[in-house]
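# Structure assessment
Here is what each chain is made of, one letter per residue.
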Amino acid sequence: MKSVPDPIESTGPWDVSFPENLGTTSNAKFDELISWSTSPDQGIRHFSGTATYQKQFHLPKQLIDPNLSLELDLGNVAVIAHILMNGEDLGILWKAPFRVSLDGCAREGVNHLEVRVTNLWPNRLIGDQQLPGDVEHRGPNVKRWPDWLLNQTQRSSGRFGFPGYQHYQQDSDLIVSGLLGPVTVRSYVEAELYDTQND
């Protein structure tokens, strides 16, 4: 049987871009894969939405072999990953294992990987709790519709969310978010299995 090359782990920095006007920097460089909730940048720490990770990595000739099947393993993702490889859409993954076939799109030499990661809403709502309030509450519920909503004017508080119920406090724990890895390319040999008892 053909030998299988060792897995290749993608190391080094990632370019990460965030949407504009959502409270964070547009572009960042992650020297390693971390949860957004642990970033020293407050905007990233409280970001909720979709951020795009991009990276170029090299695949050696021995991996680009018609007798081998290639797979990309993103490791841990919080929460949803949309994967593109060399411009080809490989689909959306929303639960573990976060793995997808690279057959037909990987190439010898430099490859471009793009992973669009979407997290959940709590971190932004917790971040909003750090800012001045602009909604009157009765307990955790909204007491009445705020003037900025009724008059369709800009909010002065800088908040982004408007939940009808206050689920989180200023000191609520942030949830893990982003691409956490490790990101690995693995190769496999496909083989047919035979039932020797029926031969």
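Check the entry above for the structure.
We now turn to the structure provided with this report.

Here we come to the side chain of asparagine 123. Note on placement: asparagine 123 falls in helix α2 (residues 122-128). Not counting residues within four places of it along the chain, the set of residues in contact with asparagine 123 comprises Ser37, Arg45, His46, Phe47, Ser48, Leu174, Ile175 and Ser177.

The pairing of strands in a sheet happens through backbone hydrogen bonds and is either parallel or antiparallel. With respect to topology, four strands assemble into an open sheet ordered β1-β14-β5-β9, the strand pairing being antiparallel. With partners counted over all chains shown, the strands left at the sheet margins are β1 (8-9) and β9 (99-101), one partner each. One ladder, built from two bridges, connects β1 with strand β14 (residues 184-189); its direction is antiparallel. Within β14, the residue paired with glutamate 9 across the bridge is threonine 184.

With that out of the way, let us pick up a nonpolar patch on the surface. The grouping of Ile80, Ile92 and Trp94 at the surface amounts to a nonpolar patch, some 350 Å² of accessible area in total. Given the relative accessible area of 33%, isoleucine 80 is considered partly exposed.

Calculation notes
Residues numbered from 1 in each chain as written. Predicted model: local features only at pLDDT ≥ 70, side-chain atom pairs only at ≥ 80, totals over all residues. Heavy atoms only, no water. Helix = DSSP H or I, 4+ residues; strand = E, 2+ residues; numbered from the N terminus. Contact = heavy atoms within 4.5 Å. Pairing = 2+ DSSP bridges. Patch = residues over 30% accessible without salt bridge, like charges linked within 9 Å, V, L, I, M, F, W, Y side chains within 5 Å. Areas by Shrake-Rupley, 256 points an atom, 1.4 Å probe, with all protein chains shown as cover. Salt bridge = Lys/Arg side-chain N within 4 Å of Asp/Glu carboxyl O. Buried < 20%, exposed > 50% of the residue type's maximum accessible area, 1.4 Å probe, protein only.

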